[in-house]
Amino acid sequence: MLELAQINSFYGKAHVLRALSLQVSRGQVVALLGRNGAGKTTTLKSIMQLVVPRSGRVRFNGADITGWPAHRVARAGLGYVPEERRIFTDLTVLENLEVGRQKPRQDAAIWSRDALFELFPNLAERRHNRGRDLSGGEQQMLSIARTLMGNPSCVLLDEPSEGIAPVIIEDMARAIVQLRDQGLTVLLSEQNLHFARAVASRAVVLDRGTTRFSGSFADLDASPEIRDAWLSV
Ligand code: ATP
């Protein structure tokens, strides 16, 4: 469903992604792991074309989306939840969700506010609260819920567990597993190996902008040298 083939991405002269290839099949949850600065965020931005790869191709649902404007990528069904939560702090939870609403598409589930409140019960309780009054974890959930209102068929989540309280991390993991069970394709970047293992079926380990490992968590566990070399565990 999503394929990166030999991507090279730069910030000015800094060569950040190096011949990076990866694939995500429909309905899979894949965790992108790696130390700080390994290139996880840049990989997600290169998929959204917020950073346009200088060479290599990005394919989504059979289309070559390399070089497309980011809004067109989003309209094709790719949802993106950046690390810095994108919510309107002056608007209520309900209003934030309305802002995210997009036309339904044929190839993806159609989300309603009620369905999202079932997915994130914490948000249901807070529906009339303004964004700024939510906890970090609730803001993260709202950011994901807003993206789902766009009815994506695949979502990219940048460190969904970052900076949120342990009890909320469990709620977040449960929600992502539910999304997977509903058939959504998810690529998420993570530093928290425990969280990644709870939600994802496959791990891709990045180091210095290239893929060092791709496989199951069982295979990752069987390769302590990979964990020691490229993950901070
Ligand atoms: P983190 O968990 O810290 O976000 P990451 O794996 O997501 O790490 P990236 O944010 O993709 O890594 O960064 C990869 C490299 O690109 C790092 O060396 C970083 O310093 C550099 N980099 C990131 N953003 C920019 C930018 N806007 N301009 C220049 N260099 C950047």
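In case you missed it, the structure is sitting above this.
Residues numbered from 1 in each chain as written. Predicted model: local features only at pLDDT ≥ 70, side-chain atom pairs only at ≥ 80, totals over all residues. Heavy atoms only, no water.

Peer 1: Give a description of the overall build of the protein chain that names residues and reports values.
Peer 2: Helix and strand content of the protein chain: 10 helices and 10 strands. Expected size for 233 residues packed as a compact globule is a radius of gyration near 17 Å; at 17 Å, the protein chain falls within 12% of this value. Along the longest, intermediate and shortest principal axes, the C-alpha atoms of the protein chain span 45 × 35 × 30 Å. Across the 233 residues in the protein chain, those meeting the buried criterion constitute 52%. Considering only intrachain contacts with a sequence separation of at least 6, the fraction spanning at least 24 residues in the protein chain is 69%. A distance of 8 Å separates the average location of the 29 positive side-chain charges in the protein chain from that of its 25 negative side-chain charges. (Helix = DSSP H or I, 4+ residues; strand = E, 2+ residues; numbered from the N terminus. Rg over C-alpha atoms; globule rule 2.2 N^0.38 Å. Buried < 20%, exposed > 50% of the residue type's maximum accessible area, 1.4 Å probe, protein only. Contact = heavy atoms within 4.5 Å. Lys, Arg positive; Asp, Glu negative; His and termini not counted. Charge placed at Lys NZ, Arg CZ, Asp CG, Glu CD.)

Peer 1: Could you give an account of the packing of aromatic side chains, with specific residues and numbers?
Peer 2: Per the counting criterion, the structure on display carries zero aromatic pairs. Between R72 and the ring centre of W68, over which it is positioned, the NZ or CZ distance is 3.6 Å. (Phe/Tyr/Trp six-rings, centres within 6.5 Å; stacked < 30°, edge-to-face > 60°. Lys NZ or Arg CZ within 6 Å of the ring centre and 35° of its normal.)

Peer 1: Outline helix α6 (residues 136–148), supporting the account with residue identities and numerical values.
Peer 2: Here α6 spans 19 Å end to end across 13 residues, near enough to the 18 Å set by a 1.5 Å rise per residue. Three or more residues of α6 are buried, namely G137, E138, Q139, Q140, M141, L142, S143, I144, A145, R146, T147 and L148. Contacts made by the buried residues of α6 are with β6 (78–81), α3 (93–100), α4 (113–119), α5 (121–125), β7 (154–158) and α7 (166–181). (Expected span 1.5 Å × (residues − 1).)

Peer 1: Hey, could you go over the site of the ligand for me, with residue numbers and the actual values?
Peer 2: Around the ligand sit 13 residues in total, of which G37, G39, K40, T41 and T42 are the nearest. N36 is positioned such that a nitrogen or oxygen atom in its side chain is 3.1 Å from an oxygen atom of the ligand. Note that an oxygen atom of the ligand is positioned 3.1 Å from one of the backbone N or O atoms of A38. For the ligand, whose free accessible area comes to 630 Å², the fraction covered by protein is 58%. Partitioned by chemical class, the residues of the shell around the ligand number three nonpolar, six polar and four charged. (Near = heavy atom within 4 Å. Polar contact = N/O pair within 3.5 Å; in protein donor to acceptor, adjacent residues only side chain to side chain. Areas by Shrake-Rupley, 256 points an atom, 1.4 Å probe, with all protein chains shown as cover. Nonpolar A, V, L, I, M, F, W, Y, C, P; charged D, E, K, R; others polar.)

Peer 1: How would you sum up the pattern of salt bridges? Please name residues and give values.
Peer 2: Opposite charge on two side chains lets them pair, provided their charged atoms get close. Using the criterion set out here, one finds 12 salt bridges in the structure. For R174, the salt bridge goes to D171, with nearest N and O atoms at 3.1 Å. Linking R174 with D171, this pair stays in helix α7, spanning three residues, or about one helical turn. Of the residues examined, R174 reaches a relative accessible area of 49% and is grouped as partly exposed. Taken together, the shared-partner salt bridges in this structure form one network comprising E98, R101 and R113. (Salt bridge = Lys/Arg side-chain N within 4 Å of Asp/Glu carboxyl O.)

Peer 1: Explain the environment of V199 residue by residue, including any values.
Peer 2: Here V199 is to be found in helix α8 (residues 193–199). Its relative accessible area of 0% is what places V199 among the buried residues. Between the alpha carbons of V199 and P224 there is a distance of 21 Å; along the sequence they are 25 residues apart. When near neighbours in sequence (up to four residues on either side) are disregarded, V199 contacts V29, A173, I176, V177, R180 and L188.

Peer 1: Outline the sheet that holds strand β5 (residues 63–64), supporting the account with residue identities and numerical values.
Peer 2: With antiparallel pairing, four strands are arranged side by side in an open sheet as β2-β1-β4-β5. Taken across any chain shown, the strands that pair with only one partner, and hence form the sheet edges, are β2 (14–24) and β5. Relative to strand β4 (residues 55–60), strand β1 (residues 2–11) runs antiparallel, the two being bridged by five bridges. When the sheet's bridge partners are listed, E3 is paired in β4 with R59. (Pairing = 2+ DSSP bridges.)

Peer 1: Talk me through the packing of α3 against α6; I want residue IDs and the actual numbers.
Peer 2: Between α3 and α6, whose axes approach to 7 Å, the crossing angle comes to 35 degrees. Crossing geometry of α3 relative to α6 is assigned as right-handed. Of the residues in α6, those in contact with V93, N96, L97, V99 and G100 of α3 are L142, A145 and R146. Looking at the contact of α3 with α6 residue by residue, the classes come out as five nonpolar, two polar and one charged. (Axes fitted to C-alpha atoms, helices over the stretch in contact; angles between N-to-C directions. Left-handed = near helix turned anticlockwise from the far one by under 90°.)

Peer 1: Give a detailed account of α3, specifying residues and quantitative values.
Peer 2: One full turn of an α-helix is made of 3.6 residues, so residues set three or four places apart face in the same direction. Those residues of α3 that sit buried are V93, L94, N96, L97 and G100. Along the axis of α3, the buried residues cluster in a sector spanning 160 degrees; they form a single face. Against the buried residues of α3 lie α4, α5 and α6. (Arc of directions from axis to C-beta.)

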